[in-house]
Every structure is written in C-alpha cells, then in structure tokens.
Amino acid sequence: TFYDVFCEAYHVAQEMEQEGEGHPSYFEFLYGMGMLAFEENDAEYIVLETGLGGRLDATNSFEHPFLSVITSIGLDHTEILGDTIEKIAGEKAGIIKKSIPVVIGEKSDEYNHVFDQAATAMMSKIVYAENDFACINHSTEGDFQKFSIQRHRDNKVFNLELDLTGNYQVHNILTAIAVIDLLHQETPLTISLRALTEGMRTVASGTALQGRWQKLGDKPLTICDTGHNAHGIRYVAEQLAATPHRDLYCVLGFVNDKDLSSVLPLFPKEARYIFTQPGNERALPAGKLAEKAAAYGLRGEVADTVSGALARAREMASEEDMIFIGGSNFVVAEVLE
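Thresholds applied
Residues numbered from 1 in each chain as written. Predicted model: local features only at pLDDT ≥ 70, side-chain atom pairs only at ≥ 80, totals over all residues. Heavy atoms only, no water. Helix = DSSP H or I, 4+ residues; strand = E, 2+ residues; numbered from the N terminus. Rg over C-alpha atoms; globule rule 2.2 N^0.38 Å. Buried < 20%, exposed > 50% of the residue type's maximum accessible area, 1.4 Å probe, protein only. Contact = heavy atoms within 4.5 Å. Areas by Shrake-Rupley, 256 points an atom, 1.4 Å probe, with all protein chains shown as cover. Lys, Arg positive; Asp, Glu negative; His and termini not counted. Charge placed at Lys NZ, Arg CZ, Asp CG, Glu CD. Arc of directions from axis to C-beta. 1 Å grid on protein atoms, 1.4 Å probe; cavity = no way out; pocket = protein on both sides within 12 Å on 5 of 7 lines; lining within 4 Å. Points joined across faces, edges and corners; volume = space filled by probe spheres on them. Nonpolar A, V, L, I, M, F, W, Y, C, P; charged D, E, K, R; others polar.

Engineer: I would appreciate a short explanation of the overall build of the protein in the present structure.
Structural biologist: Of the regular secondary structure elements, the protein holds 14 helices and 12 strands. Against the compact-globule benchmark of 20 Å for 337 residues, the protein has a radius of gyration of 22 Å, which places it among compact chains. Seen through its principal axes, the protein has C-alpha atoms that stretch 60 × 55 × 40 Å. Taking all 337 residues of the protein together, 44% fall into the buried category. Expressed as a percentage of contacts within the protein between residues at least 6 apart in sequence, the contacts between residues at least 24 apart total 63%. Surface accessibility of the protein: about 17900 Å² in total, with carbon and sulfur atoms responsible for 50%. In the protein, which carries 27 positive and 50 negative side-chain charges, the distance between the mean positions of the two groups comes to 7 Å.

Engineer: Help me understand the environment of Ala118 in this model?
Structural biologist: Inspection of the secondary structure puts Ala118 in helix 5 (residues 112–121). For the pair formed by Ala118 and Ile96, sequence separation is 22 residues and the distance between their alpha carbons is 7.2 Å. With residues near it in sequence (within four places) discarded, Ala118 still touches Ala93 and Ile96.

Engineer: I keep staring at helix 5 and nothing clicks. Help me out?
Structural biologist: In an α-helix there are 3.6 residues to a turn, and that puts residues three or four apart on one side. Every buried residue belonging to helix 5 is among Asn112, Val114, Phe115, Ala118 and Ala119, and all of these are buried. For helix 5, the angular spread of buried residues about the axis comes to 160 degrees, placing them on one side. Of the exposed residues in helix 5, the ones pointing more than 90 degrees away from its buried face are Gln117, Thr120 and Ala121. In the core, the buried residues of helix 5 are packed alongside strand 1 (68–70), helix 4 (85–92), strand 2 (102–104) and strand 3 (126–128). Looking one or two places after helix 5, you find Met123, whose phi comes out positive at around 55 degrees.

Engineer: What should I look at first to understand the layout of surface pockets in this one?
Structural biologist: Rolling a probe over the atoms, with the probe sized like a water molecule, indicates the empty space that remains. Space inside the second largest pocket adds up to approximately 510 Å³. Forming the boundary of the second largest pocket are 24 residues, of which Asp143, Thr165, Trp213, Gln214 and Lys215 lie nearest the centre. Elements with a contribution of two residues or more to the lining of the second largest pocket: strand 5 (144–151), strand 7 (214–217), strand 8 (221–224) and helix 10 (230–242). Grouping the constituent residues of the lining of the second largest pocket by class yields nine nonpolar, 11 polar and four charged.

Next up, the structure:
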C-alpha cells in the first residue's frame, strides 16, 4: 500500500539523518507517493504544482511535460529562493524544459527578461497570458463571478462563470484560458469550450477547494483567505478596502519564515487586530507578531489560539462590521475545521 511505501521511505530517511546525510522533506515524500499512485492507477494526465521555487523542486524531476506554467512572482521564501524578484524569477524559470512551451500568467518589466532568456536558451515557445487575452467585463452575482474574456488574435469572446470569489481570480482565469488555448494549439490534448465552461462554473463544488476569499458568515460579514505573501495579500487588501463595512477586525497569524516587512505594511492601519498563532511548529508566536505589527502601525491584542482569536473578534464586532481571517494557510485551515 502507499502507507507501506511511506513507512519504508521514512525509515530510510531516519537512517540517512543518523548518518548525517539529511533526508527528503515532507513534500518530497508526498510527491514520490503521488507519482507511484498515478502510475499504479494509469493516470492519463497529471497537473503538478511545485512546492518551492522550481529549479531545485522535486516536481522538476518530471522531464517531459506537455507544457510548463509560471503563475506569478512575488517576494516569498527569500532565504531559499533569493532576495530579489529577479533571483526568484530565475529559480522559477528552472522548470522551463527544452522545446516545451511555457505560459507566464502575469507579466512584469521586473522579470520578463529572465523568462525570455530562459525560454530562448531552451528553445521553448513562451506565451504571456496577458498579451493574448484580456478581461473586458467582470461582475459578481451572489457566489459567482462572471467574466468576459477576449482573445486578441481573433477578438473571440468567452463568457465564463466562476464559483470562486475574490477579485484576484481574474488573473488566474486569464492564465488558465491561455494554458488551455496553448494545449489546443501545441499538444495532443484538447479541452473543449463546453468542458472549460462547466469546469469554471464548478471549481469549488467539484474540487472542495476552500479558503480563497471564502465567506464564512453574515452579520458580521466574515471572510477568510489563504493569501500569505506580499503578492497575494496586496490583492486581498484591495478587496478589503472595496468591501462595504463599518469597522474591520482582522485575525492574523503567520509562520516564522515569512518576510513580514513586505506583508504587514499592506494591511489597513485603521483595522482592529487580534494577533494569533496556528498550532504548528512553524508558527510565529502571537506576541512576537504583535510586536512586529506595531512597528507598521497595526494595533490590537493577542490570542494564543486561532479559535480564541476568532471568538474574540466575534465578541467585539457588530452586525455592520467585517471580520477577516488570514496570514497563513494554517490559520485558515484551523478556522475551516
């Protein structure tokens, strides 16, 4: 069974560590188990997401994909990937394979040249989603977002509904449709417009995906989001500002390797904060988070547990107010549990 494989690998890892050789990470264990599961179950198509960066990621051992996708670039995991956007882009560009097309989800003058150089060196076609497609209309109706996406080469318009909220999904939908378009043009895999339309309409219901600008309650409006780096939190902060509410209460917690200097300045100073910590060995203690946040003008109180922090926010907030929960996947996961 997969469990037996995992246990055997774990024992080998323990021996390696005892002999000073290091051992595979949790992510690498799961990647190996996943590939074994895919092989034993005759998977026809696989979507692999890198765990960290790209060049040295376990998933980069897969040598012959149909195509590669780089969604967005932000300052995250800087102690491993580098302390500049260019360095991080260089690490992510490591997934570009020889003669395999690559889609770039979000373009920027800060790093386009890095991807262009990598694609040229690998003789790979490069597509910038935002050059080929544009969102010409966007609205939200209840739990659905509606998009009109125009393809530039023939001005064809795709009208799509998405059962995920969060305004930042417009970037993701452009990336996804550019990928599907390139698959149709360059590979044996074709995804029909009908499948695309139905798939977009049932992303959340079909996959049980949670935590992306997810509404947990009304009166007060309660929202959680797993955005946890500067790039993602910038979009979250913009939507917080655009969402009608009287007072804002934020339940925040982070892991201890997060670059808070790039994240905390993005949160609104006028909000009331309940700083907390997830029940995880990587958690940043709530007291330390409160100290760091104060340096950026964010004030509030400390709660030792996520459940206690949310209870305190609900105690203080009125029906016209808003509660936001975020900062870390682990914080949101505890709330959703």
